[in-house]
Amino acid sequence: MSGNFEKKYGLFTAIAMVVGIVIGSGVFFKAEKVLNATGGNLPLGIIAWAVGALIMICCAYTFSVMATRYAHVSGVVDYAENTVGKKYAYYLGWFLATIYYPCLTSVLSWVSARYICVLFGFSITGGECMVIAGFLLVASYSLNALSPVLAGKLQVSTTIIKLVPLLLMAVIGTIKGISDGMTVYNFTTAVVEVEGKYALFTAVVATAFAYEGWIIATSINAEIKNAKKNLPIALVAGTFIIACVYISYYIGLAGTVENAVLMSEGEAGIKIAFESIFSSMGGVILFVFVIISCLGTLNGLMLASTRGIYAVAVRNEGPHPAKFSQMDKTTNMPNNSAVFGVLICAWWLLYFYGSNLTDTWFGFLTFDSSELPIITIYASYIPIVIMFVIKNKDLNAFNRFVMPLLTVAGCVFMVIAAIFAHRIAVVGYLIVFCIFMAAGVYFRNKNKQGNELND
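Position labels on residues start from 1 in each chain and follow its written sequence. Restriction of local features to residues with pLDDT of at least 70 applies here, the model being predicted, together with a cutoff of 80 or more for giving and counting side-chain atom pairs; totals for whole chains, interfaces and linings are based on all residues. Hydrogens and water molecules were not included; the side-chain quantities draw on all heavy atoms of the structure.

Participant: Break down the environment of Ala234 for me, citing the residues and quoting the values.
Facilitator: Numbering goes from the N terminus for both helices and strands, where a helix is a DSSP run of H or I of at least four residues and a strand is a run of E of at least two. Structurally, Ala234 is set in helix H11 (residues 227-254). Buried, partly exposed and exposed residues are distinguished by accessible area as a fraction of the type maximum, computed with a 1.4 Å probe on protein chains only: under 20%, between the cut-offs, and over 50%, respectively. On the basis of relative accessible area, Ala234 is assigned to the buried category, the value being 0%.

So, in structure tokens, the structure goes:
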């Protein structure tokens, strides 16, 4: 299958693609949560960003080695099929299609709407924000379904725009903070005293949202020149660059205003920080760049959501495989899969609103859909990595034992951190998770029985 792709990406292009895929809205959205989780303790916040980055880098390296072994693969579902088996791959694909991608996509539509509301002075929990979020969700779906080529160009063009506010804040914010003492003040002054262990766990889980997306980059392995050498370098170098940019941005942010201000102002804190060093007009312009960055990330996640059930259907699994694996001859898009994807995203947007922005419509089943699904994906990596080690005895010790061991340890840490950070909400999430997975079991068994009758 890999022979169908032209080897067109060199090392530097591959690194740029990794950076572009991962960097997005998360660092803006979660920087304030890390501050609040750590009580404004800047060193502890930096440790949280560093731990999240280390886990991402270890996972990215291990999966890059996996990708070079399976040159025909196109994503984590295929890795699961080659290592653990078809049944595990199906359930992982079902989880991605019905929970993981739609949860992140719906949250991104709200995050994008949130910053638009900050720009125009609307409430982030009111009807205005949710109307805008719904519109952005539909607009992103329409762009991907009707013009995939244009959607791809948008994804490329927003990559540079994403880096502009991050790098400017990292450099100028740090210079300003060092010159006027704001950085030293924020480094040495905690706003609220918090318990270190729980604060660190909560903060690291928050960074997972910002670092998520690296796994998508492994799908380009068949199009990279000398992939066995260049893909591991691209993934490790790309994720290392991302970590440096994020941590530098976080430090630069601390050089603008007191952490107490950023924590108390919530969603408007980022806008205040930019305006404090780039003037009111300059701050607004850069804040618009932040919004464009969010929209670019939303577009990329919607791209994945529209193809989620398709990845299951092409394996002749799930509900109505023939229908959801159908491709439109004009747009080369799986339109039925795309419709399914946007409907699931709409449901999760409704859930996010009722669970996080109201007096909890869902009672005990309330949880943060921007974080807990990410932790589930880390848990799902563990059997994939273990079986990869068992099946590939010819790997050198570093690739077979050292990095996989660090990867599994990082994944386990994420799971434990989520339990400490979200506590009883984890149970609510697991109940919802089991309901969706039970539906997956039903459709798999129904489809299997249908195939047996046809035989």
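After that view of the structure, there is still more to cover.
Participant: Would you mind going over unusual backbone geometry in detail, with residue names and values included?
Facilitator: In this structure, Ser279 is a non-glycine residue whose phi angle is positive, near 70 degrees. Checked against the element boundaries, Ser279 lands in helix H13 (residues 269-313). Here Arg423, not a glycine, exhibits a phi torsion of approximately 50 degrees, which is positive.

Participant: Got a sec to walk through the packing of aromatic side chains? Specific residues and values, please.
Facilitator: Each Phe, Tyr or Trp ring (for Trp, its six-membered ring) is paired with any other whose centre lies within 6.5 Å, and the angle between the two planes then decides the class: stacked below 30 degrees, edge-to-face above 60, tilted in between. For the coordinates displayed, the defined rule picks out 36 aromatic pairs. Taking 5.7 Å as the distance between ring centres and 65 degrees as the angle between the ring planes, the aromatic pair formed by Phe95 and Phe433 counts as edge-to-face. Placement of the pair is Phe95 in helix H5 (residues 86-120) and Phe433 in helix H18 (residues 424-454), with a sequence separation of 338 residues. Relative accessible area serves as the criterion here: at 3%, Phe95 is assigned to the buried category. Only when the NZ of Lys or the CZ of Arg is both within 6 Å of the ring centre and within 35 degrees of the ring normal is a charge said to sit over the ring. Taking NZ or CZ as reference, Arg114 lies 5.4 Å from the ring centre of Tyr115, over its face. Stacked on the ring of Tyr198, the Lys or Arg Arg423 has its end atom at 4.8 Å from the ring centre.

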